[in-house]
Amino acid sequence: MEFNILTPELTRALAAIIGEEYAVLPTDAEGMQHYTHDETEDLRYMPELVLKPKNAAEISRIMRLCHENIIPVTPRGAGTGLSGGALAVHGGVVLSTERLNAIIQIDEQNLQATVEPGVITQVFQEAVIARGLYYPPDPSSRGSCFLGGNLSESSGGPRAVKYGVTKDYVLNMEVVLPTGEITWTGANVLKNATGYNLTQLLIGSEGTLGVITKIVFRLIPYPPQNLVMLVPFRKEEEACAAVSRIFMAGIVPSALEFMERDAIEWTSRYLGLGMVMAEDERAHLLIELDGNDMDLLYKDAERVYEVLETFDVGEILVADTEKQKEDLWRLRRNVGHAVKSNSIYKEEDTVVPRAQLPVLLRGVKEIGERYAFKSVCYGHAGDGNLHINIVKGDMSDDDWDNKLPEGIKEIFRLCVSLGGTISGEHGIGLVQRPYIGIALNEVQLYLMRGIKQLFDPRGILNPGKIF
Ligand SMILES: Cc1cc2nc3c(=O)[nH]c(=O)nc-3n(C[C@H](O)[C@H](O)[C@H](O)COP(=O)(O)OP(=O)(O)OC[C@H]3O[C@@H](n4cnc5c(N)ncnc54)[C@H](O)[C@@H]3O)c2cc1C
């Protein structure tokens, strides 16, 4: 697809739609910097213009003008994405949703909420908790990522294991199409058998089919009690094997997270927590149980202990203060930052049926040995979702650029052969695009390309992503 370059006249016309003070022009090199990258590796792309509209009507006018003039538009949330989705790889306009940040309504009668996409996930969670309600999806980046970004990536997070991912809480959305029309995708109801499910089609579409401008969520009552424990294992694979055994014992934890020794050690150092681990501890599970009744939670915990006793585990730490719980969660949520502060890295977001986790972990380490790369693995083990951080360390640039992609292909082929796929929650975006053929066949890709063509006949919305 050939795109046009923004002329000074077009730049002025686009900025005038929202008011010049809400546009970042190319002359403002410093202001532009923030929009050149997200959290994906060390990638940077310079847009020609950044626009910060306030509502769907402004976005509609922007889209019409860009569609008419064949200018690429890259929607952007908070820029915490890990697959390069918010990067303006073809230049053009970055459309930031940071000013669409209102919680419009919390409807306690229907357990629903209507919000704009630029609301920070944690801000929304706290607002509904204050009313005794719960919005469970909680990516580890929840303190900074936006709800619109969460929808676009169909984000998960630690609590997905019990409560499901973002897509399970969306009832309806207002979107602006690449051609400028504004439409709702569904209805504000819990059941809907009326035509194709456009809401779910747009979720996880990574900003390639439309710009989300309003979201209607369903909520659930807030479970006020929880119990958090950190369990050390002497063998990594046993930690993975324990995951499916806990479910087989009839327990559904509200979080079940895996961290290799390096993940904990690096993060403890990064946060200055000074955690001490026994020499022989190779991996940990962070387990959380939640509910309404503490006595029932203790009973569930006993059953978890019974499962754990059948493995070679060290001393289990049960957090008995809120501060201890917070510290354990802070540790888990910061693994990605800790790895990033250590070295250039690539993060793979693999997912397999959870009983296959030990096979996946063993396979990753074997592939790493053959291709001479180190990996730090952690993630949402309860969902079979293993984040594999491949660390560049002292690997040569040549090996990193040319040899490593072959190793990554092997990891992805292994996932697919185990019944899994190549992204559980971070999306395909830019960086996983070369590998999509490993997970999707020609028929699937043909249908997806056809959908893209229908929504976006000129291919201007977030080009260079997914396909
Ligand atoms: C430390 C760390 C931990 C993380 N932990 C998790 C985790 O546990 N689980 C998880 O799933 N992810 C996690 N992530 C990844 C990331 O935070 C999520 O993908 C998040 O949902 C991205 O939100 P964002 O607002 O930053 O989106 P951005 O990065 O700005 O954009 C992501 C994609 O969404 C599109 N987009 C954004 N807003 C809109 C909109 N309104 N309309 C249409 N398209 C839009 C963009 O074009 C882009 O393709 C983590 C990231 C970091 C850095």
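Nothing here was measured: the structure is a model prediction, and the numbers come from that model.

Enquirer: Please explain helix 14 (residues 397-417) as it appears in this structure.
Expert: Every α-helical turn comprises 3.6 residues, leaving residues that sit three or four positions apart pointing alike. Helix length check: helix 14 (21 residues) gives 30 Å between terminal C-alpha atoms against 30 Å at 1.5 Å per residue, within 8%. At Lys403, helix 14 is deflected by roughly 40 degrees, the largest bend along its length, and proline Pro405 occurs up to four residues later in sequence. Among the residues of helix 14, Trp400, Leu404, Pro405, Gly407, Ile408, Ile411, Phe412, Leu414 and Cys415 are the ones counted as buried. In the core, the buried residues of helix 14 are packed alongside strand 16 (345-351), helix 13 (357-371), strand 18 (385-391) and helix 15 (436-439). Gly419 sits one or two positions beyond helix 14 and adopts a positive phi of about 90 degrees.

Enquirer: What should I look at first to understand the sheet that holds strand 9 (residues 182-184) in this one?
Expert: Backbone-to-backbone hydrogen bonds join strands into a sheet, with any given pair of strands oriented parallel or antiparallel. Read across the open sheet, the five strands follow the order 5-6-10-8-9; overall the sheet is antiparallel. Here the strands that pair on one side only, and so sit at the sheet edges, are strand 5 (103-107) and strand 9. Ignoring strand direction, the axes of neighbouring strands in this sheet form an average angle of 10 degrees. Running over the sheet, helix 4 (residues 121-129) touches strand 5, strand 6 (112-115) and strand 10 (211-218) and is turned about 35 degrees from strand 5.

Enquirer: Quick question: what am I supposed to make of the sheet that holds strand 1 (residues 23-24) here?
Expert: Pairing is mixed in the open sheet, where four strands are placed in the order 1-2-4-3. Since the sheet does not close on itself, it has two edges, and those belong to strand 1 and strand 3 (73-76), each with one partner. Of the pairings in the sheet, the one linking strand 2 (residues 49-51) to strand 4 (residues 93-96) comprises three bridges and is parallel in character. The partner of Leu51 across the bridge, within strand 4, is Leu95. Packing against the sheet, helix 1 (residues 8-18) makes contact with strand 1, strand 2 and strand 4, and its axis sits at approximately 15 degrees to strand 2. With respect to the sheet, helix 3 (residues 56-69) is in contact with strand 2, strand 3 and strand 4, its orientation differing from that of strand 4 by roughly 165 degrees.

Enquirer: In this structure, what is going on with the site of the ligand? I would like to understand it.
Expert: Around the ligand, 36 residues are found, and the nearest of them are Pro75, Gly77, Thr80, Ser141 and Ser155. Residue Pro75 places a main-chain N or O atom 2.6 Å away from an oxygen atom belonging to the ligand. Across the complex, the protein chains shield 97% of the 980 Å² of accessible surface that the ligand would expose by itself. Here the element with the most residues in the shell around the ligand is helix 5 (residues 147-153); it accounts for five residues. Looking at the shell around the ligand residue by residue, the class counts come to 10 nonpolar, 21 polar and five charged. Looking at which domains feed residues into the shell around the ligand, each of domain 1 (103-221) and domain 3 (337-428) gives three or more.

Enquirer: Please explain the packing of helix 9 (residues 261-271) against helix 12 (residues 335-342) as it appears in this structure.
Expert: Angle between the axes and distance between the axes are the two parameters that describe a pair of packed helices. Between helix 9 and helix 12, the shortest axis-to-axis distance is 8 Å and the interhelical angle comes to 80 degrees. Here helix 9 lies roughly perpendicular to helix 12, going by the angle between them. Facing helix 9, whose interface residues are Ala263, Trp266, Thr267, Arg269 and Tyr270, helix 12 presents Val335, His337, Ala338, Val339, Ser341 and Asn342. Taken together, the residues of the contact of helix 9 with helix 12 break down into six nonpolar, four polar and one charged.

Here is what the cut-offs are and how they apply
Residues numbered from 1 in each chain as written. Predicted model: local features only at pLDDT ≥ 70, side-chain atom pairs only at ≥ 80, totals over all residues. Heavy atoms only, no water. Helix = DSSP H or I, 4+ residues; strand = E, 2+ residues; numbered from the N terminus. Expected span 1.5 Å × (residues − 1). Bend = angle between axes of the 7 residues up to and from the residue. Buried < 20%, exposed > 50% of the residue type's maximum accessible area, 1.4 Å probe, protein only. Contact = heavy atoms within 4.5 Å. Pairing = 2+ DSSP bridges. Axes fitted to C-alpha atoms, helices over the stretch in contact; angles between N-to-C directions. Near = heavy atom within 4 Å. Polar contact = N/O pair within 3.5 Å; in protein donor to acceptor, adjacent residues only side chain to side chain. Areas by Shrake-Rupley, 256 points an atom, 1.4 Å probe, with all protein chains shown as cover. Nonpolar A, V, L, I, M, F, W, Y, C, P; charged D, E, K, R; others polar. Domains from an automatic or database assignment. Parallel < 35°, antiparallel > 145°, perpendicular 65-115°, else oblique.

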